[in-house]
Amino acid sequence: MTEPDISEELPGGRPDGEPEYRYLPRRSFPFGLVVFVLGFVCGIPIAMFAPSMVADYGQLVITVILSVLFALALILSVVFALRDRIWRWLFRRSEIELSRFAGPLSDVAKSAAEGKVDAATDAARTFAEIALARYAWVSTRRWLIGSITGLIASIAALAGSALLFEQNRLLRAQSTLLAEQNTRIDDQTELLRAQARLSDTQTQLAEAERSAQVGPEVIEIGALIGGERQAYLEAGNDIDDFGLADLSTSVRSRIVAATLVARPYLYLRPRQANPLDDNSLTMKALSRRQDALIAPDMLADFDADNETTELIDSPLSPERGDLLSMLVDNSILDTELLSFVGADFSFAEVRREVLPGVSMRHARLSFADFTLVRLVGCRFGAAKLEHAVFEKAVVRGSDFSSIAASDVELPFSGEGVDLVPTFLTGAMFTDAVIIDTAFRRIQAIAPSFSGSVVAAVDFTGAGLNAAEFRDAIIMDSVFDGAELRSVDLEGAIVFDLGFVQALAQAAAPGTFVAERWSLEPLSVAELAEHPRYDAMTVYLPEAAHAGRQAFRIVRNQGQ
């Protein structure tokens with residue numbers, strides 16, 4: 001195949017008389033820039049708004065990209081095969097090798113040497129055309145390489161952007177799944193806590209079952225006490241004289257042993273009603289006729305649909321309380337002899353409605369529960385009553401006072417001490433009614449009388465540091481020599497305008513800060529809203545409060 005003549009003119013040459021330099025190749029069109037702009041304009045929207053489509057139809061996208069690349073390769077192959085004709089048609093010259101630049105240059109030199117101006121001009125023109133054709137070919141290759149590179153870069157940028165946005169979408173989905181997982185973990189944790197509570201309940205109930213096994217022994221002791229009491233009566237004795245001393249030593253020993261064997265435990269009780277609490281029984285009845293209530297908010301704290309049971313808040317020993325009840329039922333009201341030989345009534349749960357005239361001096365009654373019990377004429381001198389509970393109890397004519405050494409009765413002895421104290425640290429008299437009762441010289445830290453009615457109570461010389469009387473009704477009570485450091489009187493109701501000043505004078509020197517408190521008048525209607533007002537009107541004579549101006553104690557600002 002002969003190589004084409006580069007000096008041959010193409011068909012349709014220049015018009016006559018026109019200079020040939022006007023028909024040199026024009027500058028190539030910036031196709032690389034066009035490809036870049038198209039990639040930018042199309043790729044950004046696709047990357048922003050259709051990454052999921054790219055991810056979902058990735059195989060199709062890759063197929064399209066490969067097809068485009070294949071088509072481009074095919075076009076380039078055709079262009080490469082027909083490059084001579086294309087260059088001849090565009091530039092009137094085919095592709096030129098560098099080695100062919102020498103011919104026109106030698107012709108120029110030869111013609112110039114021979115003085116042939118026209119020949120030298122034609123040779124120079126031929127050299128210029130060859131140079132321009134070579135430049136056009138090199139520029140075209142650069143354009144092709146740049147265009148392909150730009151296309152590949154655009155595709156890579158599009159794929160990278162699509163993958164980045166898809167990654168963000170997956171991260172958002174992952175965050176949603178993690179949030180859902182955290183919610184399920186919280187639910188699982190709550191279920192595990194519920195399971196742990198149920199497991200704990202089962203454990204406590206198992207312990208209660210073991211502890212309750214002393215019940216038959218308590219019943220047996222009751223039968224023995226009843227038998228000896230009957231024998232005492234048949235012997236012609238007065239039942240009022242029957243006491244612990246008239247029981248056999250074996251029975252007394254079994255009572256003491258039973259108090260030691262019986263252990264405190266948690267047990268299930270109904271949520272809604274306490275048989276000893278008349279108010280809760282009334283609320284339960286009214287819950288079935290809420291339409292008959294004038295004030296529906298009366299049942300705001302009562303859940304009529306909740307009939308389940310719950311564990312009690314703190315461990316108690318019903319068996320120890322039952323032993324106390326059996327003694328009272330058999331007219332044995334003096335328990336000092338049992339306390340002397342080691343009987344333990346701490347944590348005892350007393351479930352009697354009335355505890356009349358019982359003497360429990362020197363008794364171990366820490367954490368004992370007397371909730372809702374009416375204690376009338378009881379004596380607790382020198383007893384250990386730390387954290388004992390008298391919530392909503394009625395305490396009347398009773399004595400919690402410490403016992404002077406000279407007044408200690410046998411078999412106990414006050415030798416070597418001046419006083420045998422009663423310990424009431426942490427004792428709870430909340431919402432109780434306490435009337436005509438003595439707490440002289442007791443030792444108590446942080447006892448609570450909040451919400452209670454304290455009427456004609458003697459606190460002479462009592463240690464009441466950090467005591468609470470919040471929202472209590474206090475009337476005609478004595479605090480001579482009482483230690484009242486950090487006592488809380490917020491919201492307490494009194495009937496004496498000079499109560500705070502009188503209390504400051506009566507209390508132990510330096511233990512009560514009168515400047516901390518002030519009084520504000522209280523109307524009869526406001527007094528009647530007190531939760532224990534009805535109980536006060538029941539257990540106190542009308543003359544004790546009727547016609548008297550009530551005042552509420554408030555804490556001064558900054559005190």
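Before any of the text, the structure's been laid out above.
Residues numbered from 1 in each chain as written. Predicted model: local features only at pLDDT ≥ 70, side-chain atom pairs only at ≥ 80, totals over all residues. Heavy atoms only, no water.

Enquirer: Is there a simple way to think about the pairing of strand β15 (residues 550-555) in this case?
Expert: Put simply, side chains in a regular strand alternate between the two faces of the sheet. Strand direction decides the pairing type here: strand β13 (residues 493-494) and β15, joined by two bridges, are antiparallel. Looking at β15, one finds that Ile493 is bridged to Arg552. (Pairing = 2+ DSSP bridges. Helix = DSSP H or I, 4+ residues; strand = E, 2+ residues; numbered from the N terminus.)

Enquirer: I'm lost on a negative patch on the surface in this one. Help?
Expert: Together, Asp238, Asp240, Asp241 and Asp246 make up a negatively charged patch on the protein surface. Assignment of secondary structure puts Asp246 in the loop between α7 (215-234) and α8 (249-261). You can call Asp246 partly exposed: its relative accessible area is 33%. (Patch = residues over 30% accessible without salt bridge, like charges linked within 9 Å, V, L, I, M, F, W, Y side chains within 5 Å. Areas by Shrake-Rupley, 256 points an atom, 1.4 Å probe, with all protein chains shown as cover. Salt bridge = Lys/Arg side-chain N within 4 Å of Asp/Glu carboxyl O. Lys, Arg positive; Asp, Glu negative; His and termini not counted. Charge placed at Lys NZ, Arg CZ, Asp CG, Glu CD. Buried < 20%, exposed > 50% of the residue type's maximum accessible area, 1.4 Å probe, protein only.)

Enquirer: Which parts of the structure should I look at to understand the packing of α7 against α8?
Expert: In a pair of packed helices, the angle between the axes and the distance between the axes together describe the arrangement. Axis separation between α7 and α8 bottoms out at 10 Å; the angle between their running directions is 155°. In terms of their interaxial angle, α7 and α8 are classed as roughly antiparallel. When you trace α7 past α8, the crossing you get is left-handed. In this structure, α7 uses Glu217, Glu220, Ile221, Leu224, Ile225 and Glu228 to contact α8, whose residues at the interface are Val251, Arg254, Ile255 and Ala258. Residue composition of the contact of α7 with α8, grouped by class: six nonpolar, no polar and four charged. (Axes fitted to C-alpha atoms, helices over the stretch in contact; angles between N-to-C directions. Parallel < 35°, antiparallel > 145°, perpendicular 65-115°, else oblique. Left-handed = near helix turned anticlockwise from the far one by under 90°. Contact = heavy atoms within 4.5 Å. Nonpolar A, V, L, I, M, F, W, Y, C, P; charged D, E, K, R; others polar.)

Enquirer: Can you help me understand unusual backbone geometry in this one?
Expert: Note on backbone geometry: most residues besides glycine have negative phi, and most peptide bonds are trans. With an omega of 10°, the peptide bond between Leu410 and Pro411 qualifies as cis. Take Pro411: it is sitting in the loop between β6 (403-404) and β7 (419-420). In the Ramachandran plot, His362 falls in the positive-phi region, its phi being about 65° despite a non-glycine side chain. Not every positive phi belongs to a glycine, and Ala456 is a case in point at roughly 55°. With respect to the helices, strands and loops of the structure, Ala456 is situated in the loop between β10 (453-455) and β11 (463-465). Taking relative accessible area as the criterion, Ala456 reaches 37% and is therefore assigned partly exposed.

These results come straight from atomic positions and should not be treated as a statement about function.
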